[in-house]
Amino acid sequence: MPAKIKGLCRTAISVKICERFEWRKADGKLKDMSCRVALLRMERDGWFSLPPSLNRNGNGDGKPYKHSNMLNDNQPLLNLSAGEIGDISLDIVKTPVESRIWNEMIHRWHYLGYKRLVGAQLRYQINSRYGVLGALGFGASAWNVQAREDFIGWSSQIREQNLNLIVNNCRFLILPWIKSRNLASRVLGLVAKKLPNDWEDRYKYRPVMLETFVEKKRFRGTCYKAANWIYLGETKGRGKLGDYSKLYENVKLIMVYPLCREFRSVLQQSQ
């Protein structure tokens, strides 16, 4: 039976662990959110039981998301190529209103729906002279993906130290009334240039690789391949945290995009 952690809330536990082991980000702040994600993984593996979450909307186990009807889905079809659309901007979601719009887009039109991103993250709204085209979301990388680890060539210990240098493209949405040839691959090309600087500005360290997982039953990863992402293989269907109860349930294509030539040497470097 797993041990029971008593007396402290989840946030207090993660803070105390970070203080004890001096787990800090490049800006000196505690890695308490990353620690909390690790604690959740360990709980799901049966190591212990955490206290109940005080935030019922956190970690995907709380109240269902309620959209606010800020967006009208009765939009005219936009049937132009990416070149005909012209300039595209990727704007970081910053304000509460922008956040609600992003959340609602994902909730209503992305097949995975809205779930709160945990830890370091960036959300983008895809804009043009024709209005909003879609949304992008980036967050924590997957804990353990064998094809990725083989591609990088790092040990388990080094992976735990440097995993934050990989960023996961967890959401990508082109709105359903936007029918634009080559738009998705163009957006991926733009974000690969923009995200490293945006991430460094916010978190004071620079990622060296992007990853994503494309659900095989739904998609073929065509836009990622067109944007020169590298196909590494398929998952075992266990989900991002390695849940063996879901084996072969949801197989995904594993794809990565190195952000610099020396990505392997950076990821393999001991801290």
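Preceding this paragraph is the structure being described.
Being a predicted model, the structure only gives us computed values, none of them experimental.

**Regarding the pairing of strand 5 (residues 131-140)**
Stage number 1. For strand 5, the buried fraction is high: seven of the ten residues fall into the buried class.
Stage number 2. Bridging between strand 4 (residues 122-128) and strand 5 involves seven bridges; their strand directions are antiparallel. Within the sheet, the bridge partner assigned to Ser128 lies in strand 5 and is Gly131.
Stage number 3. Between strand 4 and strand 5, which pair antiparallel and follow one another directly, the connecting turn spans two residues.

**Some details on the sheet that holds strand 3 (residues 88-92)**
Stage number 1. Read across the sheet, seven strands follow the order 3-4-5-6-7-9-8 without closing on themselves; strand pairing throughout is mixed. The two strands at the open ends of the sheet, each matched to only one other strand, are strand 3 and strand 8 (230-234). Ignoring strand direction, the axes of neighbouring strands in this sheet form an average angle of 30°.
Stage number 2. Direction of pairing for strand 8 relative to strand 9 (residues 252-258): antiparallel, over a ladder of four bridges. Residue pairing across strands places Ile230 opposite Val256, the latter belonging to strand 9.

**Concerning the nonpolar core**
Stage number 1. Counting residues in hydrophobic clusters, the biggest one holds 58 residues, and the most contacted among them are Tyr124, Leu136 and Phe138.
Stage number 2. At eight residues, the largest contribution of residues to this core is made by helix 7 (residues 183-203).
Stage number 3. If we ignore the near neighbours within four places in the chain, the residues touching Leu136 are Leu90, Trp102, Leu122, Arg123, Tyr124, Ile126, Asn169, Arg171, Phe172, Val187 and Val191.
Stage number 4. Core analysis: the next-biggest nonpolar cluster, separate from the first, contains eight residues, Cys18, Cys35, Leu39 and Leu40 among them.

**Points about the environment of Gly139**
Stage number 1. Relative to the elements of secondary structure, Gly139 occurs in strand 5.
Stage number 2. With relative accessibility at 6%, the residue Gly139 sits in the buried group.
Stage number 3. Taking the C-alpha atoms as reference, Gly139 lies 9.2 Å from Arg171; in sequence the two are 32 residues apart.
Stage number 4. Those residues in contact with Gly139 that sit more than four places away from it in its chain are Ala120, Gln121, Val167, Asn168 and Cys170.

**Points about the side chain of Arg123**
Stage number 1. Following the sequence through the fold, Arg123 ends up in strand 4.
Stage number 2. For Arg123, which is buried and forms no salt bridge, the nearest opposite charge comes from Glu98, at a distance of 8.1 Å.
Stage number 3. A polar contact is formed between the side chain of Arg123 and the side chain of Ser99, at a distance of 2.9 Å.
Stage number 4. At a separation of 2.8 Å, a polar atom in the side chain of Arg123 contacts the side chain of Asn103.
Stage number 5. Here Arg123 is in contact with Asp91, Ile92, Val93, Ser99, Trp102, Asn103, Leu117, Leu136 and Gly137, once residues within four sequence places are set aside.

How each quantity is defined
Every residue gets a number counted from 1 within its own chain, in the order that chain's sequence is written. Where local features are concerned, this predicted model is filtered to residues with pLDDT of at least 70; where side-chain atom pairs are given and counted, the filter is 80 or more; whole-chain, interface and lining totals use all residues. As a rule here, side-chain values come from all non-hydrogen atoms in the structure, and water together with hydrogens is ignored. Under the scheme applied here, a residue whose accessible area is under 20% of the maximum for its type counts as buried, over 50% as exposed, and between as partly exposed, the area being computed with a 1.4 Å probe on protein chains only. Under the scheme used here, helices are H or I runs from DSSP no shorter than 4 residues and strands are E runs no shorter than 2 residues, and both carry numbers assigned from the N terminus. The rule for pairing is simple: two strands pair if DSSP sees at least two bridges between them. For helices, the fitted line uses only the C-alpha atoms of the stretch in contact; every axis is such a line through C-alpha atoms, and the angle between N-to-C directions lies from 0 to 180 degrees. Grouping buried Ala, Val, Leu, Ile, Met, Phe, Trp, Tyr and Cys residues that are joined through side-chain atoms within 4.5 Å yields what is termed a nonpolar core. By definition, residues are in contact when any of their heavy atoms lie within 4.5 Å. In this tally Asp and Glu are treated as negative and Lys and Arg as positive; neither His nor the chain ends contributes. Salt bridge criterion: a side-chain nitrogen from Lys or Arg within 4 Å of a carboxyl oxygen from Asp or Glu. Polar contacts, as counted here, are pairs of nitrogen or oxygen atoms within 3.5 Å of one another; within protein the pair requires one atom able to donate a hydrogen and one able to accept it, and residues that are adjacent in sequence qualify only if both atoms are side-chain atoms.

Taken by themselves, the reported measurements are silent on function.
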